[in-house]
Amino acid sequence: MCGLSGLYISRFSDIASDKLKKISQYFNSVEYKNKSSLYFRGPDEQLIFDSANLVVNFRRLTIFSSKKLVQPYKSSCGRYSTLMNGEIYSVKQKASELNLPHKNLECDSQILAEAYSLQGASGFSNLHGMFAGYIYDEIANSLILVRDHFGQKPLYYYYKDDILLFSSHLKEILLLLDALGLQYSCSTDYWFSRSVFPWLSFPNSPYQEINQLPAGSVFSINDECTQIFKYYNVNT
C-alpha cells in the first residue's frame, strides 16, 4: 500500500510557477508531515518529484523492490514516467509480453508505463491488478491519471482554472486546496445519494469540487485540453 498526491498545471498558465513552487515547499514542510495521511499508506520511503509543470509527493511501502527510489519509474524509451498505488499481478509474464527484459525490471510500476508507451491507454485493459496512479509524458509535458478496471484503488482529483490536484486520499486534496487558498464546499447530493443507495459506488465525493476517477478510466490533460474516457467496460 503506497500513496501519492500531486499538482499539475499547464506550462502556459500564468500561475504555474508560483503554485508549483508553493506546493513543492508545502510537501517538504513540517506542517504537511504532521497533517498528511500518506505516511501511513507508505511508511518506508518518501519521494518528492518536480518537473516543468508537475510536482508529486509519493509515499512508498516496499513490496516488490527494496532498491531506494530516487525518481519515478520510467518506460524503456525514457519518455514516460510513473508512480502508482497498488500492485500489478504476473509482473514477469507481463514484462515478457511487452519485451521488457527482466534484468531491467525494478518495480511493477514500470509495467504501467511500458504498456502505455507501446499500446497507449488501451494497454491498461490487458493488465491484471489493482492500481491507481499517473503517467507523465516528459516530452509533451502531458499527464494521465489511470485507475484499475474495478476501482479497487482510490484516486481523487480536483480540476478547475488550469489546476489539477490528485491523490490516493481525499484528505490530501483538502490539504492542498488549503495550501493554495482555494475554496471547496460540501455536496448535499452526495450525502443524499449515499443515504438512499448506500451499496452503490459514486464517482463524486463529499465535496462538490472533488471527484473520484471512475473505475477503468483515464483522465488525460495537456496544454490544450482535458478528457476523461473509459479504457475498460465490465461488459466487454
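What you see is a predicted model, and the numbers here were worked out from it, not measured in a lab.

The rules behind the values
- Residues numbered from 1 in each chain as written.
- Predicted model: local features only at pLDDT ≥ 70, side-chain atom pairs only at ≥ 80, totals over all residues.
- Heavy atoms only, no water.
- Helix = DSSP H or I, 4+ residues; strand = E, 2+ residues; numbered from the N terminus.
- Rg over C-alpha atoms; globule rule 2.2 N^0.38 Å.
- Buried < 20%, exposed > 50% of the residue type's maximum accessible area, 1.4 Å probe, protein only.
- Areas by Shrake-Rupley, 256 points an atom, 1.4 Å probe, with all protein chains shown as cover.
- Lys, Arg positive; Asp, Glu negative; His and termini not counted.
- Charge placed at Lys NZ, Arg CZ, Asp CG, Glu CD.
- Pairing = 2+ DSSP bridges.
- Salt bridge = Lys/Arg side-chain N within 4 Å of Asp/Glu carboxyl O.
- Phe/Tyr/Trp six-rings, centres within 6.5 Å; stacked < 30°, edge-to-face > 60°.

## Some remarks on the overall build of the chain
Looking only at helices and strands, the chain has 6 helices and 12 strands in total. A compact globule built from 236 residues should have a C-alpha radius of gyration of about 18 Å, and the chain, at 17 Å, falls within 12% of that. Taken over the C-alpha atoms alone, the chain extends approximately 50 × 40 × 35 Å along its principal axes. Across the 236 residues of the chain, 51% fall into the buried class. Per element, the accessible surface of the chain, about 11400 Å² overall, is 50% carbon and sulfur. For the chain, the distance from the average site of its 22 positive side-chain charges to the average site of its 22 negative ones is 5 Å.

## A word on the pairing of strand β8 (residues 156–160)
Of the pairings in the sheet, the one linking β8 to strand β9 (residues 163–167) comprises 5 bridges and is antiparallel in character. Bridge assignment links Y158 to a residue of β9, and that residue is L165. Between β8 and β9, which pair antiparallel and follow one another directly, the connecting turn spans 2 residues, one of which, D161, has a positive phi of 50 degrees. Sheet analysis places β8 next to strand β10 (residues 210–212), joined by 3 bridges and oriented antiparallel. Bridge pairing in β10 links Y157 to N211.

## Some details on the pattern of salt bridges
Enumeration over the complete set of coordinates arrives at 5 salt bridges. In this structure, R11 engages D223 in a salt bridge whose closest nitrogen and oxygen atoms are separated by 2.4 Å. Separated by 212 residues along the polypeptide, R11 in the loop between β1 (3–9) and α1 (16–27) and D223 in the loop between β11 (217–221) and β12 (226–230) bring together distant segments of the chain. Here R11 falls in the partly exposed class, since its relative accessible area comes to 38%.

## Notes on the packing of aromatic side chains
For the structure on display, the rule yields 10 aromatic pairs. A ring pair is formed by Y80 and Y116, whose centres lie 5.2 Å apart and whose planes are at 85 degrees; its orientation type is edge-to-face. With Y80 in strand β5 (residues 80–88) and Y116 in helix α4 (residues 109–119), this residue pair connects regions lying 36 residues apart in the sequence. Residue class for Y80 comes out buried when judged on its relative accessible area of 11%.

These figures capture arrangement, not role.
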